[in-house]
Amino acid sequence: MNIHLILQMAADSMPDREAVICGSQRLTYQDLSDAVNSLANKLEGAKKLAYLAETGTAAPVAMFAAALRGIPYVPINYRLAEDQITSLLERVSPALLISDDAPEVKGITKISQVQVFSHVTSWDGFAPDEEGNIAIELFTSGTTGDPKSAILRHDNLMAYILGTIEFMSAEQSQSTLVSVPPYHIAGISAILSSVYAGRRMVQLPNFSPEAWLKLAKQENVSQAFLVPTMLQRIIEYTTSNNETFDLPAMQAIAYGGGKMPHSVIEQAMTLMPHVNFTNAYGLTETSSTICLLDPDDHHDAIQSGDPAVRARLSSVGRPLPAVEVEIRDDDNVPCGAGEAGYVFVRGEQVSGEYHGSGSLLDENGWFPTRDRGYLDDAGYLFLDGRADDVIVRGGENISPGEIEDVLIEMSDIKDVAAVAVADDEWGEAVGVVIVPADMTTLPEIEAIKSHVKNQLRSSRVPTKVKFMEELPYNETGKLLRRVLRDVFST
Amino acid sequence: MQIKAGTKLFSAVCDTQIMVLRVPKDDLDVTCGGLPMQTEEAAEKSLISDNAGEGSLVGKRYVDKAETMEFLCTRGGEGNISVNGVALEIKQAKRLPSSD
């Protein structure tokens, strides 16, 4: 099945409904479909359609036009340095590229965002429906190394949409605020889900708390997806300006893309009691969401006296109906409830495939996410960092998360990260980077060490401690641990 | 008729279009409004011979009672969809909160 079907059904069934809004541009589903047919004509002979720009109405047009012509859509991170962009474009070449200011690369033909909408005769072909066709190629963020090019096939994405969304289930008044970038899997799934549900997309190209709050109010936005750092910044902005959340139309906020601090979600629920919160866990390689902590789970957790139920506010919830999750130990043996190991996932939406390295699925279709975690006895998934981030001290596996969780409790620590540092005796040991609440009065290093020792045990005690004004996060809130490891090794 | 997942079928009597999501390997007699569905859209539609029920609804997934097969209605119409003479039912799916 071709993802273009999503747009075709929407344009057939609700042509006059507003589909997408960005600045002064407003497109109905019919407008969107017309623009797609027109762009499809400009794709004659193109092998791929790349997109290097901030979020805008051209992004959904490009994605569906590429699908209509049966070529991969490749959105690229426009925030990267020019040499990195050049190197990614060389990997994508030959391709047609939508961009207003891209470097010159052999085999890349450019058209501007304005040219996307220039009117030409509509292409009159049908979307090809060959099994296994590639819909989208996304470069992973590369927090641990070079970005990998993940392959998402039409079948993966359609399985995700059909398995999670009812067609035209959104009320005509509903809209969603899209502030995630177009090259992120959440930016892709926002387009597919919103169009299938018939929910108007309100695009915010450059996130800031002020801009987000203003646009949400102005457009009566009812839904939004945020990465944890965005939610944190919105809360900080509002509380530091002594403002209250004045968003009466807002019904639901979903969050994901990184670890949500317990204190932030609790604060968000207190400040916005009328909003339903959903935690979504997913990866690029799984066509977005695979687990959900739904609004009822949030309420149950916050109201419960049972510590096990309360703890679920820190979980990523339970697998989607069409997705299976399994935890395995170092020997690839399935773990029991409560036992931590590696997270494996299976389902039609899971691609688990990259250019160059092929499919990572095992013979039974399981994909190793490289995330660590455990399932509780009710099937809630708790994540515990990336397998690559584990600190191996004398053969013992130490998760950075457990050290970070106890240190963040200290009142003079604002943010903290633990990473592996080289150690002559143990091979690796714990290093921590601390962002003090007040840079002028640094926390005592001995107090930090004894806190870890008392709360955990001596093997977890950091051998190296550094202070920084802030930790290095990428634009979607992922901590760049590789940068921190470099801090200790130089 | 032998059909497979991904096949598009068109009603001979109304606007209904369906997409095959999964089917058993057996020969299936898929009808809409009483006449066999076709793999190409007919220029002229026949008269509807079986008009009981509510027709087909766009966006709904249709299944048999045992859920051995599933179809997505990609365009609605007046005809009812049946397989081997038995009307299909709308699949009831658990409503999930929006996560994107």
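Residues numbered from 1 in each chain as written. Chains lettered and ligands numbered in written order. Predicted model: local features only at pLDDT ≥ 70, side-chain atom pairs only at ≥ 80, totals over all residues. Heavy atoms only, no water.

A tally of helices and strands in chain B yields 0 helices and 9 strands. Overall, chain B shows an N-to-C arrangement of helices and strands of β-β-β-β-β-β-β-β-β. For chain B, the C-alpha radius of gyration of 13 Å lies close to 13 Å, the compact-globule estimate for 100 residues. Projecting the C-alpha coordinates of chain B onto the three principal axes gives extents of approximately 45 × 25 × 25 Å. Sequence separation of at least 24 residues holds for 59% of the intrachain contacts in chain B that already meet a minimum separation of 6. Roughly 5300 Å² of accessible area belongs to chain B as shown, and the carbon and sulfur atoms make up 49% of that amount. (Helix = DSSP H or I, 4+ residues; strand = E, 2+ residues; numbered from the N terminus. Rg over C-alpha atoms; globule rule 2.2 N^0.38 Å. Contact = heavy atoms within 4.5 Å. Areas by Shrake-Rupley, 256 points an atom, 1.4 Å probe, with all protein chains shown as cover.)

Residues and elements named next belong to chain A. In this structure the tally under the stated criterion is 31 salt bridges over all chains. The salt bridge involving Asp297 is made with Arg318; its shortest N-O contact spans 3.6 Å. Here Asp297 is found in helix α11 (residues 295–303), whereas its partner Arg318 is found in strand β15 (residues 318–319), with 21 residues between them in sequence. For Asp297, a relative accessible area of 7% corresponds to the buried category. Accessibility expressed as a relative area gives 36% for Arg318, which makes it partly exposed. A salt bridge links Arg346 to Glu324; its shortest N-O distance comes to 2.8 Å. Of the two residues, Arg346 is situated in strand β17 (residues 341–346) and Glu324 in strand β16 (residues 324–328); the sequence distance between them amounts to 22 residues. We classify Arg346 as partly exposed; its relative accessible area is 25%. What makes Glu324 partly exposed here is its relative accessible area of 38%. Members of the salt-bridge network, linked through shared partners, are Glu18, Arg26, Arg200 and Glu219. (Salt bridge = Lys/Arg side-chain N within 4 Å of Asp/Glu carboxyl O. Buried < 20%, exposed > 50% of the residue type's maximum accessible area, 1.4 Å probe, protein only.)

With that settled, consider the sheet that holds strand β5 (residues 61–63) of chain B. All names here are of chain B. Here we have 5 strands laid out as an open sheet, ordered β1-β2-β6-β5-β9, and antiparallel in their pairing. In the strand order of this sheet, the two ends are held by β1 (8–10) and β9 (89–90), each with one partner. Of the pairings in the sheet, the one linking β5 to strand β6 (residues 70–75) comprises 3 bridges and is antiparallel in character. If you follow Val63 over to β6, its bridge partner there is Glu70. (Pairing = 2+ DSSP bridges.)

We now examine the side chain of Glu285(A). Residue and element names in this part refer to chain A. Relative to the helices and strands, Glu285 resides in the loop between β13 (276–283) and β14 (288–293). At 5.0 Å, Lys148 is the nearest oppositely charged side chain to Glu285, a buried residue that forms no salt bridge. A distance of 2.5 Å separates polar atoms of two side chains, one belonging to Glu285 and the other to Tyr354. With sequence-adjacent residues up to four places away left out, Glu285 is seen in contact with Thr140, Ala150, Leu152, Gln349, Val350, Ser351, Gly352, Tyr354 and Phe367. (Lys, Arg positive; Asp, Glu negative; His and termini not counted. Polar contact = N/O pair within 3.5 Å; in protein donor to acceptor, adjacent residues only side chain to side chain.)

Here the focus is the domain arrangement of chain A. The domains assigned to chain A are domain 1 (4–206), domain 2 (288–388) and domain 3 (390–489). The C-alpha centroid of domain 3 of chain A is placed 40 Å from the C-alpha centroid of domain 1 of chain A. (Domains from an automatic or database assignment.)

Our focus in this paragraph is the packing of aromatic side chains. Residue and element names in this part refer to chain A. In the structure shown here, the tally under the stated rule is 4 aromatic pairs over all chains. When the ring centre of Tyr354 is taken as origin, the NZ or CZ atom of Lys148, which lies over that ring, is 4.6 Å away. Sitting over the ring of Trp426, Arg393 keeps its end group 3.9 Å from the ring centre. (Phe/Tyr/Trp six-rings, centres within 6.5 Å; stacked < 30°, edge-to-face > 60°. Lys NZ or Arg CZ within 6 Å of the ring centre and 35° of its normal.)

This part takes up the packing of helix α13 (residues 400–407) of chain A against helix α14 (residues 445–455) of chain A. All names here are of chain A. Running from N to C, α13 and α14 cross one another at 115°; their axes reach a closest spacing of 10 Å. In terms of their interaxial angle, α13 and α14 are classed as roughly perpendicular. Crossing handedness for the pair α13 and α14: right-handed. Where α13 approaches α14, its residues Ile403, Val406 and Leu407 are matched on the opposing element by Ile448, His451, Val452 and Gln455. Tallied by class, the residues present in the contact of α13 with α14 amount to 5 nonpolar, 2 polar and no charged. (Axes fitted to C-alpha atoms, helices over the stretch in contact; angles between N-to-C directions. Parallel < 35°, antiparallel > 145°, perpendicular 65-115°, else oblique. Left-handed = near helix turned anticlockwise from the far one by under 90°. Nonpolar A, V, L, I, M, F, W, Y, C, P; charged D, E, K, R; others polar.)

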